[in-house]
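Chain by chain, the residues:
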Amino acid sequence: MIYNGREVEFPAIMQVSFFKLIETLEQQVKGDDEAAAAYANALLEEVEKFPELRDGIADVTQLKKYDKSIQKLSRAMFPDALTTNEIKILTPPFYFEPIYASTRFNNIIKASGEPFAFNMKDVDEDTFYLYCCFFILGHHYHFPLSGGTPQFLEFYNNNQKLMRTYKMLINADLSEFIPTERAVDITKADFEELINNFGDMELWKKKFPPNSWIMRGLNLVSLVDVTFDQSLGSITSNLLVKSTDTFEKIQQGIRNLLGNNELSIGVIALNKGELVPMDQNGVRSILLDSGESMNCETDLCGHATDQLIEKKEPLVITDADRFNELGKSGLARKILNAGYASFIVVPILHEGEFLGYMELGAKKKYELHKGSIKVLDQVMPILAIAHKRFMTEAQNLVEAIIQQECTTIHPSVKWRFEAAAEEFIQEQAREEQPEFKDIVFDQLYPLYGQMDIKGSSERRNTAVSADLIKQLNGVIKVLKAASSKYEMPAYEELTFRTESYIKELKKELAAGSEHKILAFLGADVYPVFEHLKEESELAKLIEKYEALIDPELKTVYDERKKYDTSVNLINQRLAYYLDQKQVEAQKMFPHYFERYKTDGVEYNIYIGQSITEEKKFDPIYLRNLRLWQLLVMCEMENEFRSLQKELDTTIEIASLILVYNTPISVHFRMDEKQFDVEGAYNARYEIIKKRVDKAHIKGTNERITQPGNIVIVYSQDQDAHEYRTYLNYLVSKGFLKEDYKDYELEDLQGVHGLRALRAEVAYSGGLTVDQLIEEMEGTTAS
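Summary of the structure given here. (Residues numbered from 1 in each chain as written. Predicted model: local features only at pLDDT ≥ 70, side-chain atom pairs only at ≥ 80, totals over all residues. Heavy atoms only, no water.)

### So, the sheet that holds strand β10 (residues 219–225)
At step 1: Taken in spatial order, the 5 strands line up as β5-β4-β10-β7-β6 in an open sheet, and their pairing is antiparallel. This sheet does not close on itself; its edge strands, each paired only once, are β5 (100–101) and β6 (151–157).
At step 2: Relative to strand β7 (residues 162–171), β6 is paired through 7 bridges, and the arrangement is antiparallel. Residue pairing across strands places L153 opposite Y166, the latter belonging to β7. (Pairing = 2+ DSSP bridges. Helix = DSSP H or I, 4+ residues; strand = E, 2+ residues; numbered from the N terminus.)

### Digging into the pattern of salt bridges
Oppositely charged side chains are able to pair whenever their charged atoms sit close together.
At step 1: Inspection of every chain in the model, using the stated rule, returns 40 salt bridges.
At step 2: Put simply, D190 and K207 hold a salt bridge, and the shortest N to O gap is 2.9 Å. Residue D190 is found in helix α7 (residues 188–196), and its partner K207 is found in helix α8 (residues 201–207); the two are separated by 17 residues along the sequence.
At step 3: D190 gets classed as buried once you look at its relative accessible area, which sits at 12%.
At step 4: A relative accessible area of 12% places K207 in the buried class.
At step 5: Taking the shortest distance from any N to any O, the salt bridge between E744 and K698 comes out at 3.2 Å. Of this pair, E744 sits in strand β26 (residues 741–744) while K698 sits in the loop between α24 (680–691) and β25 (709–714), and the two are 46 residues apart along the sequence.
At step 6: E744 gets classed as partly exposed once you look at its relative accessible area, which sits at 38%.
At step 7: Under the relative-accessibility criterion, K698 is labelled partly exposed at 45%.
At step 8: Through salt bridges with shared partners, a single network forms among E46, K49 and K72. (Salt bridge = Lys/Arg side-chain N within 4 Å of Asp/Glu carboxyl O. Buried < 20%, exposed > 50% of the residue type's maximum accessible area, 1.4 Å probe, protein only.)

### Side note on the sheet that holds strand β16 (residues 353–362)
At step 1: A sheet is described by the order of its strands in space; here 6 strands give the open sequence β13-β12-β11-β16-β15-β14, paired in antiparallel fashion. Looking along the sheet, the strands with just one partner apiece sit at the ends: β13 (294–295) and β14 (315–317).
At step 2: Where strand β11 (residues 264–271) and strand β12 (residues 274–277) come together, 4 bridges link them in antiparallel fashion. For N271, the partnering residue across the bridge sits in β12 and is E274.

Written as structure tokens, this is what we have:
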């Protein structure tokens with residue numbers, strides 16, 4: 001058997017035979033209808049010439065020999081009155097090469113511009129083999145078995161520029177299946193075994209060996225145009241799965257529905273009295289570019305406003321030129337400028353909720369009309385449901401990002417909040433007074449770390465002073481030019497005050513200095529500048545001065561910009577690195593993590609049994625996390641060192657870890673929507689965190705935190721012993737230099753007895769953090 005252009009195994013040998021038609025003709029000859037008998041007798045004479053037409057022709061290449069007779073016999077099954085309406089072909093059994101076709105079928109093939117080639121969609125050779133077995137089971141043995149799923153053919157229509165889909169209906173009443181000596185007689189038990197082993201081709205071929213049957217006769221194949229239904233189904237299925245090309249596929253489906261492959265389709269939204277492009281999930285407007293809008297009051301004519309805004313009903317424009325003549329508007333101009341001659345705007349409504357508008361544009365007049373709305377009515381409810389779902393998903397994504405970026409509910413503790421929310425919902429269902437109770441996590445071990453920009457306040461003040469001095473020097477340049485030209489004491493007095501401000505700035509930037517200087521410039525200097533602009537040379541100097549000024553801040557923003565840009569880059573890079581590493585650390589043991597961007601990065605970690613309900617806590621996880629924290633700080637120091645080359649200004653950071661070995665309770669406060677330590681005793685930990693980075697080595701003026709070093713602040717000897725073990729390990733791995741120091745710290749307000757280990761970072765040395773984590777995980781597992 002030939003299938004899809006190649007020889008394949010098949011359970012039956014095909015023979016072309018008109019025996020069923022011949023039997024019917026023989027009955028007609030014996031009938032009372034003389035005209036019918038005469039017609040039947042004339043056809044039977046053709047059969048007498050070629051008995052093979054009854055007995056069967058196995059070689060399809062020989063059919064041309066009988067072409068005239070075949071044409072005459074076939075015509076009896078294709079009434080002249082229906083041949084231009086019905087889409088039918090007559091083929092050999094399971095060999096879909098037409099030996100006769102209706103006029104309408106031939107017209108479809110002609111419009112495609114390609115010769116007919118039969119290919120079943122998504123049907124492989126094994127499935128084709130099974131189809132024949134199904135027919136034998138159904139037609140010969142009369143078992144209750146369908147011939148399989150419906151099959152479809154697709155033909156491209158060059159006139160419509162569309163792919164049209166046809167459902168194929170096979171009438172096998174004109175054929176029969178004859179078992180050969182090789183055929184296996186199928187019992188009910190065989191049938192049940194076959195059905196229960198549907199995909200076992202070895203079994204099916206055992207029961208239906210290749211070429212063990214003869215299929216003699218003809219297949220009468222009818223095609224039904226199901227383009228509309230397929231397009232509707234395609235739109236629905238594409239809406240179920242959101243992808244980058246979902247909207248493109250939906251567009252093509254709508255084009256198929258309306259029978260116009262050149263339609264343009266888009267979506268616009270209504271936002272605060274303006275029509276704006278949707279511009280998300282691949283959805284675009286066909287009238288408005290990104291960032292454009294149309295004002296509903298000024299750009300819509302009265303009719304458009306009434307239909308779209310007031311009634312929320314479709315606006316149908318069959319002739320865009322005529323629409324523009326009747327009421328010139330921004331919408332009409334947009335439509336014409338976009339090259340559309342007919343246009344439709346359809347509101348998208350879901351359960352009474354307005355979601356936006358769908359746009360359809362055609363290049364010819366009257367291609368879109370009110371009849372188009374009737375077609376769209378069948379798809380708009382589906383589009384509305386999908387559009388609502390996409391909007392909901394987008395909103396959920398926004399909320400997820402807000403939660404991720406703007407709140408402190410970490411995934412590790414989400415289960416506690418979900419349980420509290422479920423209890424809240426149950427209280428509501430019981431019609432009680434629901435209350436979202438505060439959530440407390442007990443017996444947690446805290447880990448705190450920071451990478452602080454060294455001398456950030458001084459650096460920022462220096463940058464502010466430099467910018468103000470640059471601005472004041474620009475003022476002096478203008479005032480001195482004015483004095484030399486006009487010799488007016490007022491200009492000299494302004495110059496004196498300006499120079500006095502520069503002297504003050506060079507000494508120090510006092511609180512309020514910037515505000516005082518900007519107020520002086522606004523009140524006393526700039527009015528004079530406006531007067532001086534009347535003189536061309538001075539106007540050019542003033543123009544150069546104004547070019548120095550940031551238009552938003554109204555002051556010079558050079559050195560501060562360099563500093564702010566550098567700080568932002570440091571924060572973003574270090575925070576991203578820490579976030580990525582923290583995700584890996586969660587695999588060791590679930591823990592709460594929160595991170596802040598200040599002048600640098602700081603973070604809190606809490607670990608303990610109350611964080612998770614799925615895993616048993618053991619002190620090994622705390623030790624593992626402490627070592628992880630220390631080695632990640634080493635890696636972040638290396639990350640910062642490589643980042644320094646990209647900075648606009650020289651910046652140094654100092655790293656610190658606070659060890660606190662006493663478990664604490666952490667409380668999520670519903671009123672403040674944030675975590676806080678619970679109780680006065682636990683608050684000591686927060687006090688130490690806020691003050692420790694300013695601590696000095698006892699008896700000196702030296703800050704304990706220094707660039708290029710990692711400081712570990714502790715209060716108990718057992719903590720020092722534990723961290724010396726970690727430091728020795730990281731020295732051996734090349735992360736830290738040898739000879740780390742142990743210092744006593746000066747007392748802080750309300751805090752006494754702190755000590756600190758300080759180790760110098762060995763930049764770009766040793767293993768990677770990932771490699772060390774693998775070692776740590778191996779140690780934990782053992």
